[in-house]
Amino acid sequence: MDNKLPLISVILPIYNVEKVLRRSVDSVLAQTYGNIEVILVDDGSPDGCPEICDEYAKKDLRVRVIHQQNGGLSSARNRGIDESMGEFIAFVDSDDYVANDYIEFLYDLLSQNGADVSSCGAAVLNFNGRLNDPYNDKTVHLMSSSEALERMCYNDGFYVTAWDKLYKRELFDDIRFPVGKLYEDTGTTYRIIDKAAKIVSCCDVKYYYVLADQSITNSVFTEKKLDYIEMADEMADFIKANYPELKPAAERKQLHACLSTLTQLVNSNTRNCEIEEMLLNRINRLRKSAIKNPRTPKRDKAALVTLSLGYNTFSLIWKLYLKVKKG
């Protein structure tokens, strides 16, 4: 351990990931950065995760384990923040893994540019191990809060995800993840970015996000998925109020939430006329702004055109698109 380096707290919320937990923890413990504490928050996991966590704590002094009753991802992350001792905080989801220089890369990026938040690139691995193409840009981008929020709204190489970033601990002094909500990153990261004086990103891949092994076309749709609409609305309302020049970007975020939720409903192969009508009404209200906005992604505009042909046509074309993409 190099005590000349500031302590960085790496927080892993853990629930029901016994089969892949060791891969995740081992990747964090293999970091080239010399002064980390690894906080394993066992969120009432019903499998062998609690014992695995305790095993790591016994053999590595950098590991601290917290056992708590199940409260969800936000609750586990919040507990990790409360217990952290580092000057900086990073999050790793326990079914994912990181490059061995993940923390060193993020710390160097942050410290060399005098930033409050740094962000790296992430690659997505689907359930059969195929690596999806990451955002191919290794340029270092220095951003103000406004610039970072705009890129987040367009998913332009800087994202709402909590796990591809390093943060100054003080940014979380009055901010926590929303307990009981899905899409908790959408409901939190914009507030952190608003507080940051400078943000730096470089999309060199250091984080590996692993998709769950489930069928895309038979995933279950529950009304909890509507949390994305709520979180995106809160984010958009905040941006419109505090960064009025970003209104088109904020509305694009709202449109993305609606389209994403609609496609999840299609994927479930069920019909819910009430939710369909709500989503279509919201999309229609955002349509004009999206069409006029030159930064609206082509896929969004294609979805709007397809929806104008009716829900059934949209559903058919979306499923064909998924088949082609899946190969």
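Criteria and thresholds
- In every chain, residue numbers begin from 1 and rise along the written sequence.
- Only residues with pLDDT of at least 70 are given local features in this predicted model, and only at 80 or more are side-chain atom pairs given and counted; all residues enter the totals for whole chains, interfaces and linings.
- As a convention, hydrogens and water are excluded, and side-chain values are obtained from all of the structure's heavy atoms.
- Put simply, a salt bridge is a Lys or Arg side-chain nitrogen that is within 4 Å of an Asp or Glu carboxyl oxygen.
- Comment: elements are numbered from the N terminus, with helices defined as DSSP H or I runs of at least four residues and strands as E runs of at least two.
- Residue exposure (1.4 Å probe, protein chains only): buried if accessible area is under 20% of the type maximum, exposed if over 50%, otherwise partly exposed.
- Think of each axis as a best-fit line through the C-alpha atoms, taken over the contacting stretch in the case of a helix, with angles from 0 to 180 degrees between the N-to-C directions.
- Note on angle classes: values under 35 degrees are labelled roughly parallel, values over 145 roughly antiparallel, values of 65 to 115 roughly perpendicular, and the remainder oblique.
- Crossings are sorted by hand: turned counterclockwise from the far helix by less than a right angle, the near helix makes the crossing left-handed, and turned clockwise it makes it right-handed.
- Only heavy atoms enter the contact rule, under which two residues are in contact if any of them lie within 4.5 Å.
- Three classes are used, and their members are as follows: Ala, Val, Leu, Ile, Met, Phe, Trp, Tyr, Cys and Pro are nonpolar, Asp, Glu, Lys and Arg are charged, and the others, Gly among them, are polar.
- Aromatic rings from Phe, Tyr and Trp, with only the six-membered ring used for Trp, were paired whenever their centres fell within 6.5 Å, and each pair was classed as stacked if the ring planes differed by under 30 degrees, edge-to-face if by over 60, and tilted otherwise.
- What a helix is expected to span follows from its residue count: subtract one and scale by 1.5 Å.
- In this description, a nonpolar core means a group of buried Ala, Val, Leu, Ile, Met, Phe, Trp, Tyr and Cys residues linked to one another through side-chain atoms lying within 4.5 Å.

## As for the pattern of salt bridges
- Going through the model one piece at a time under the given rule, you end up with 23 salt bridges.
- A salt bridge links Asp101 to Lys206, with the nearest nitrogen and oxygen atoms 2.9 Å apart. Taken together, the residues Asp101 in the loop between β5 (97-98) and α4 (102-112) and Lys206 in strand β10 (residues 199-210) connect sequence positions 105 residues apart.
- For Asp101, a relative accessible area of 21% gives the class partly exposed.
- For the salt bridge of Asp156 with Arg295, the shortest nitrogen-to-oxygen distance reads 3.2 Å. Highlighted residues: Asp156 in the loop between α5 (145-153) and β9 (165-168) and Arg295 in the loop between α9 (273-292) and α10 (298-307), separated in sequence by 139 residues.
- We classify Arg295 as partly exposed; its relative accessible area is 35%.
- Counted as one network, the salt bridges with shared partners bring together Glu150, Arg151, Asp156 and Arg295.

## Points about the environment of Tyr208
- The topology assignment puts Tyr208 in strand β10.
- Here Tyr208 falls in the partly exposed class, since its relative accessible area comes to 21%.

## Here's the deal with the packing of helix α8 (residues 247-267) against α10
- For the pair α8 and α10, the least separation of the axes is 11 Å and the interaxial angle reads 60°. When the interaxial angle is binned, α8 and α10 end up oblique. The element α8 and its partner α10 pack so that their crossing is left-handed. The residues of α10 that touch α8, namely those facing Arg252, Leu255, Leu259 and Leu262, are Asp300, Ala303, Leu304 and Leu307.
- Here the residues of the contact of α8 with α10 are counted per class, giving six nonpolar, no polar and two charged.

## Let's talk about the packing of aromatic side chains
- In total, this model carries 14 aromatic pairs according to the counting rule given.
- Between Trp163 and Tyr209, the ring centres sit 5.2 Å apart and the planes meet at 20°, which makes this aromatic pair stacked. Taken together, the positions of Trp163 in the loop between α5 and β9 and Tyr209 in strand β10 put the pair 46 residues apart, joining distant regions of the chain.
- Owing to a relative accessible area of 9%, Trp163 belongs among the buried residues under this scheme.
- Exposure remark for Tyr209: the relative accessible area of 28% places this residue in the partly exposed category.
- Plain terms: the ring middles of Tyr190 and Phe238 are 5.3 Å apart, the flat faces sit at 55° to each other, and that makes the pair tilted. A residue pair is termed long-range when its members are at least 10 positions apart, and Tyr190 in helix α6 (residues 189-195) and Phe238 in helix α7 (residues 227-242) qualify at 48 residues.
- With relative accessibility at 22%, the residue Phe238 sits in the partly exposed group.
- An aromatic cluster of at least three residues, connected via ring pairs, comprises Phe91, Tyr167, Phe172 and Phe177.

## Some remarks on α8
- The end-to-end C-alpha distance of α8 is 30 Å, a good match for the 30 Å that 21 residues give at a rise of 1.5 Å each.
- Judged by how many residues are buried, α8 sits mostly within the fold: 19 of 21 residues are covered.
- Immediately downstream of α8, the backbone of Asn269 shows phi near 60°, a positive value.

## A look at the nonpolar core
- Within the largest apolar cluster, 36 residues are counted, with the highest numbers of intra-cluster contacts made by Ile8, Leu12, Leu40 and Tyr102.
- Within the residue set of this core, elements represented by two or more residues are β1 (8-14), α1 (21-29), β2 (36-43), α2 (49-59), β4 (88-91), α4 and β10.
- Element by element, the count of residues in this core is highest for α4, at seven residues.
- What Leu12 contacts, discounting residues up to four positions off in sequence, is Ser24, Val25, Val28, Val38, Ile39, Leu40, Val41 and Val92.

## Let's talk about the environment of Leu304
- By the secondary structure assignment, Leu304 is in helix α10.
- Among the residues examined, Leu304 registers a relative accessible area of 0% and is labelled buried.
- For the pair formed by Leu304 and Phe314, sequence separation is ten residues and the distance between their alpha carbons is 9.1 Å.
- Leaving out residues up to four positions away in the same chain, Leu304 has contacts with Leu255, Ile283, Arg287, Ala290 and Ile291.

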